[in-house]
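Analysis of the macromolecular model
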Amino acid sequence: MLEIYREEWIGDFVILEYKPIELQRPSYAIISLPDTGLVGVISAWHIIKTLQLSEVGGVDSYVYLPPIVVVSNKIMRTPIRVFSGSNILVIYSEFMPAQQGLLHLSKILANYLERKGIDYVLLPSGVPIQNRFEVENLKTYYLTTTSKALELLKDTDILPFENGLLAGTYALLLKEFSRAKLNTILLLTESFLEFPDPEASAKNINIISKIIGRSIDVKELLEQAEAIRLKARDAMKNTLRGLAQMRKDVEYAVPLYT
Amino acid sequence: MDEDFERLFKRIKEIERNLREYIEDEFRRAIGKFREDMMHIEGMLAPMWHYEGYLRPLYSIVDKGSYYEIYIDLPKADEQSIDIRFRGNMMYVRARLKEEIGFSGLSGRGGETKFHEYREVVELPFNIDPQKVRVVAKRGFVKVLIYK
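Below: a short report on this structure. Quick caveat, the model's predicted, so the values are computed rather than measured. Within each chain, residue numbers correspond to sequence positions counted from 1 in written order. As they are written, the chains are lettered A onward and the ligands numbered 1 onward, keeping that order. This being a predicted model, a pLDDT of at least 70 is required before a residue's local features are given, and a value of 80 or more before pairs of side-chain atoms are given or counted; all residues contribute to the totals for chains, interfaces and linings.

Looking at the overall build of chain A
Let me state the cut-off plainly: Secondary structure counts use DSSP, requiring at least four H or I residues in a row for a helix and at least two E residues in a row for a strand, with both numbered from the N terminus. Restricting the calculation to C-alpha atoms gives the radius of gyration, and the globule rule supplies 2.2 Å times the number of residues raised to the power 0.38. Burial in this document is a count-based property: other C-beta atoms within 10 Å of a residue's C-beta are tallied, and the residue is buried at 20 or more, exposed at 12 or fewer, or partly exposed in between, with C-beta positions derived from the backbone.
Looking only at helices and strands, chain A features 8 helices and 12 strands. Here the C-alpha radius of gyration of chain A, 17 Å, is about what a compact globule of 258 residues would show, namely 18 Å. Based on the C-alpha atoms only, the size of chain A along its principal axes is roughly 50 × 40 × 35 Å. For chain A, the proportion of its 258 residues judged to be buried stands at 48%.

Structure, rendered in structure tokens:
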């Protein structure tokens, strides 16, 4: 286990820091938890790798997370890992907390990011489309919690998410971050629901790159797309049960009143 | 009087039939749910790879009314080698990988095993007529349409 610099218990979750986390301004937090097509997880994984962020902390829970130890380069890590570098903080997990734990985790993350003085929170995710097999030009939609967050999107060509339903991890995060008045942008790129979708992740990364003003090349990600899909099969399989429990299928539904 | 009895018996028979249908429906639903849970537990515990050198692909099945749509994710598979066969209500999927793949660099699990193909058996809730099947392969995905 990495040496712990700071440990904080909030309810049934523990937040660990391996060294002081100091971010330059404006600071951005990227939250990636397993959801539709693992779009957020693959996006964050590529950003961590390309920007060479270092692991600075972790989040764990004996109640709401599976009894898992992640081993990376012979060192034990927590199931939810925190990476940072310059003005970026990434919270990354390939494991979905139990549904009851997601609400607690969303509240804890909102509180933690607020205390860290994070200026903007980016939630890269996917929105499932039934004909993903045929579609090659993927559309990206956004939802923001504040007008300050909306300002960041003025140089992008993505579409507002006008009407529809959101279910699952990112729906909860968005609600809690909105309540905490964090400037949050949810990116929803069209994707597969039940298969890892690196192409949708690449689309999200291109937008994140514009937002944060740093170049993040996705060429390698697209070239390695098949290898990533192959590697991500287990993480996707583990995510599917959680997606079904969270009634992810309602995202295909049309709301009656808009 | 006879007419009253006849009406009463008819009503009792109707209630009996409704009750029997209700119990049968509930029983069928419970068995279906139990079977689904068992399959899920079985699936959760079964690894996505086998030490003999094959991988299990991710797949999804959607009932589209007049047909079933099955998607199979076969990244790194050689499209020419994709072999899908049907027997009864079973669908057998095999596809060779374009190159041998090992997990040794990624995980201690899997050890030195080299993987060379995908293999999967998918059970469907009805018998499949191979004449009523359409298969499309694209970008490492396979779409199978099975008309009812």
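So, next bit.
Things to note about the sheet that holds strand β10 (residues 140–144) of chain A
Residues and elements named next belong to chain A. Convention followed: Pairing between strands requires that DSSP locate at least two bridges from one strand to the other.
Reading across from one edge, β1-β2-β4-β7-β8-β3-β9-β12-β10-β11 is the order of the 10 strands in this open sheet, with mixed pairing throughout. The open sheet has two edge strands with one neighbour each: β1 (6–10) and β11 (159–160). Of the strand pairs in this sheet, β1 and strand β2 (residues 13–17) are connected by 5 bridges, and their pairing is antiparallel. Residue I10 lies in a different strand from β2, and its bridge partner there is F13.

A word on the sheet that holds strand β5 (residues 83–87) of chain B
On the basis of which strands lie adjacent, the open sheet formed by 5 strands has the order β1-β2-β7-β6-β5 (chain B) and mixed pairing. Edge positions in the open sheet fall to β1 (49–50) and β5 of chain B, since each of these has one partner strand only.

Observations regarding the nonpolar core
Our working definition: In this usage, the nonpolar core is the set of buried Ala, Val, Leu, Ile, Met, Phe, Trp, Tyr and Cys residues whose C-beta atoms join them within 7 Å. Placing C-beta atoms from the backbone, we regard two residues as in contact once those atoms come within 7 Å.
By size, the foremost hydrophobic cluster in this structure holds 74 residues, and its most contacted members are V90(A), V121(A) and L123(A). Residues contacting L123(A), with those up to four places away along its chain left out, are I31(A), Y170(A), L173(A), L174(A), T184(A), I185(A), L186(A) and L187(A). Core analysis: the next-biggest nonpolar cluster, separate from the first, contains 19 residues, I70(B), L74(B), F115(B) and V142(B) among them.

Observations regarding unusual backbone geometry
Residues and elements named next belong to chain A. Residues R25 and P26 are joined by a peptide bond in cis, for which omega reads -10 degrees. Not every positive phi belongs to a glycine, and K74 is a case in point at roughly 70 degrees. Tracing the backbone shows K74 in the loop between β5 (70–72) and β6 (75–77).

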